[in-house]
Each structure stands twice: as structure tokens, then as C-alpha cells.
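Coordinate analysis (summary)
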Amino acid sequence: MTTETVWKGKYLSVKQAGTWEYAERVGAITAAVIVAIDGEGQLLLVEQHRVPLGRTCLELPAGLVGDERAGESVADAARRELEEETGYRAAFVEERGEFFSSPGMTSESFTLVLATGLTRTGSGGGDAQENITVHRVAPEAIAGFVAAKRRDGVAVDAKMLLLLGSGLLDEVVGR
């Protein structure tokens with residue numbers, strides 16, 4: 001099957017293969033999605049406006065790998081993005097596997113990263129365009145926190161399901 005590039009931007013391209021249309025990351029850029037637990041056992045979440053949704057979205061801290069420096073490792077990107085978005089620096093970063101965000105629509109992948117040994121270095125909030133709100137939530141309160149945000153009209157990133165039903169959170173907080 002022939003694949004045609006319909007449109008190409010700096011970070012995304014739109015492809016067509018037969019009748020299938022999908023988005024692809026330009027330059028094989030991937031993402032790091034971070035499950036960060038601070039020294040008090042609180043999980044760090046971020047909330048920020050997402051243009052495609054037209055509203056704020058509750059998410060795990062995350063960012064692109066290699067978008068600022070070619071050859072950047074997943075661990076380095078995770079550390080950089082965690083500190084930029086949340087104001088916490090991680091002493092330990094452990095990769096937990098590669099996942100695909102929406103394989104029927106995009107080739108985008110992300111590596112799930114566990115970050116621990118956190119030190120507060122600033123207020124976070126992202127870069128000048130992001131305006132990120134940082135939330136510290138007790139693991140046992142995650143489901144209620146997400147439900148309350150949803151009732152308030154906040155979108156919820158599908159990767160939050162990793163915390164709500166996978167057992168990952170129980171594993172990393174030792175329950």
C-alpha cells in the first residue's frame with residue numbers, strides 16, 4: 001500500500017495510506033510520560049489548556065523526547081520535563097515500557113517513566129505558553145480527584161487510566 005504525505009509541519013505530518021488517514025510524529029520524536037511520586041507519597045499531576053480540546057486537561061507530566069536536543073535519552077527528557085512542568089527534580093528515573101497513545105489515529109508512542117527521589121527546585125508551571133497548574137494528590141484520593149475534575153468540566157487524558165485501574169500506582173507506592 002502506498003503512503004502519501006498530505007501535510008507536514010514541524011512536529012506532525014498527516015499521512016494517507018489507501019483510505020486510512022493518520023498523524024505521524026516528524027523525525028521519530030517520541031514522548032516521556034512520568035509517574036512522579038514525591039517524598040511524602042503524593043502523586044504529581046498537571047493541568048493545562050489543550051488547544052485541540054478547547055479546555056484544560058488533567059494529565060501526568062509529560063513531554064517530547066529529542067524536540068530540543070537531538071539524541072536526548074528518554075530519562076533525560078523525563079527529568080527535564082518533570083522539572084519544567086512541576087518544579088521537581090528526580091534523582092531516580094526508571095523506564096517502564098513503550099506504549100502507543102491512539103494507534104488508530106497516530107503513530108505516536110510514549111515511554112512510561114517512574115520518577116522518585118524528588119527535590120523541589122521551583123514552582124513549575126511549564127514555559128511561557130503552557131501555564132501549567134501542578135497538583136499533588138494522595139494515591140488513595142486519585143479516583144475522587146479525577147471525578148471532581150471531570151464534574152468541573154476538565155478533560156482527562158486517557159493515560160490517567162494507568163493510575164485508575166492498572167495496578168501500577170499500587171505497585172509504586174507499595175500497597
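Residues numbered from 1 in each chain as written. Predicted model: local features only at pLDDT ≥ 70, side-chain atom pairs only at ≥ 80, totals over all residues. Heavy atoms only, no water.

1. With respect to the side chain of Asp38
Structurally, Asp38 is set in the loop between β4 (30–36) and β5 (43–50). You can call Asp38 buried: its relative accessible area is 8%. A polar atom in the side chain of Asp38 sits 2.7 Å from the side chain of Arg136. When near neighbours in sequence (up to four residues on either side) are disregarded, Asp38 contacts Tyr88, Leu118 and Arg136. (Helix = DSSP H or I, 4+ residues; strand = E, 2+ residues; numbered from the N terminus. Buried < 20%, exposed > 50% of the residue type's maximum accessible area, 1.4 Å probe, protein only. Polar contact = N/O pair within 3.5 Å; in protein donor to acceptor, adjacent residues only side chain to side chain. Contact = heavy atoms within 4.5 Å.)

2. Here's the deal with the environment of Leu43
Note on placement: Leu43 falls in strand β5. Take Leu43: its relative accessible area is 0%, and that puts it in the buried class. In this structure the C-alpha to C-alpha distance between Leu43 and His135, which are 92 residues apart in sequence, comes to 8.0 Å.

3. Here's the deal with the nonpolar core
Grouped together as the largest cluster of nonpolar side chains are 20 residues, with contacts concentrated most on Val35, Leu43, Leu45, Leu60, Ile142, Met160 and Leu163. Elements with a contribution of two residues or more to this core: β4, β5, β9 (109–120), α2 (142–151) and α3 (161–165). (Core = buried A, V, L, I, M, F, W, Y, C linked by side-chain atoms within 4.5 Å.)

4. With respect to the side chain of Glu108
By the element assignment, Glu108 lies in the loop between β8 (88–100) and β9. A distance of 2.9 Å separates a polar atom in the side chain of Glu108 from a polar atom in the side chain of Ser101. The contacts of Glu108, once residues within four sequence positions are left out, are Arg25, Phe99, Phe100 and Ser101.

5. Here we look at the sheet that holds β4
An order of β7-β4-β9-β8 is seen for the 4 strands of this open sheet, with the pairing classed as mixed. On the outer flanks of this sheet lie β7 (62–65) and β8, each paired with one strand and no other. Taken pair by pair, the neighbouring strands of this sheet meet at an average axis angle of 30°, ignoring direction. With 10 bridges joining them, β8 and β9 adopt antiparallel strand pairing. Looking at the pairing, Glu95 lines up with Val113 of β9. The strands touched by helix α1 (residues 74–86) within the sheet are β4, β7, β8 and β9, with β8 carrying the most contacts at an inclination of about 120°. (Pairing = 2+ DSSP bridges. Axes fitted to C-alpha atoms, helices over the stretch in contact; angles between N-to-C directions.)

6. Comments concerning the packing of aromatic side chains
All told, the structure shown has 1 aromatic pair when counted by the stated rule. An angle of 25° between the planes, with centres 5.7 Å apart, marks the rings of Phe99 and Phe110 as stacked. You can see Phe99 sitting in strand β8 and its partner Phe110 sitting in strand β9, a full 11 residues away along the chain. When its relative accessible area of 33% is taken as the criterion, Phe99 is described as partly exposed. (Phe/Tyr/Trp six-rings, centres within 6.5 Å; stacked < 30°, edge-to-face > 60°.)

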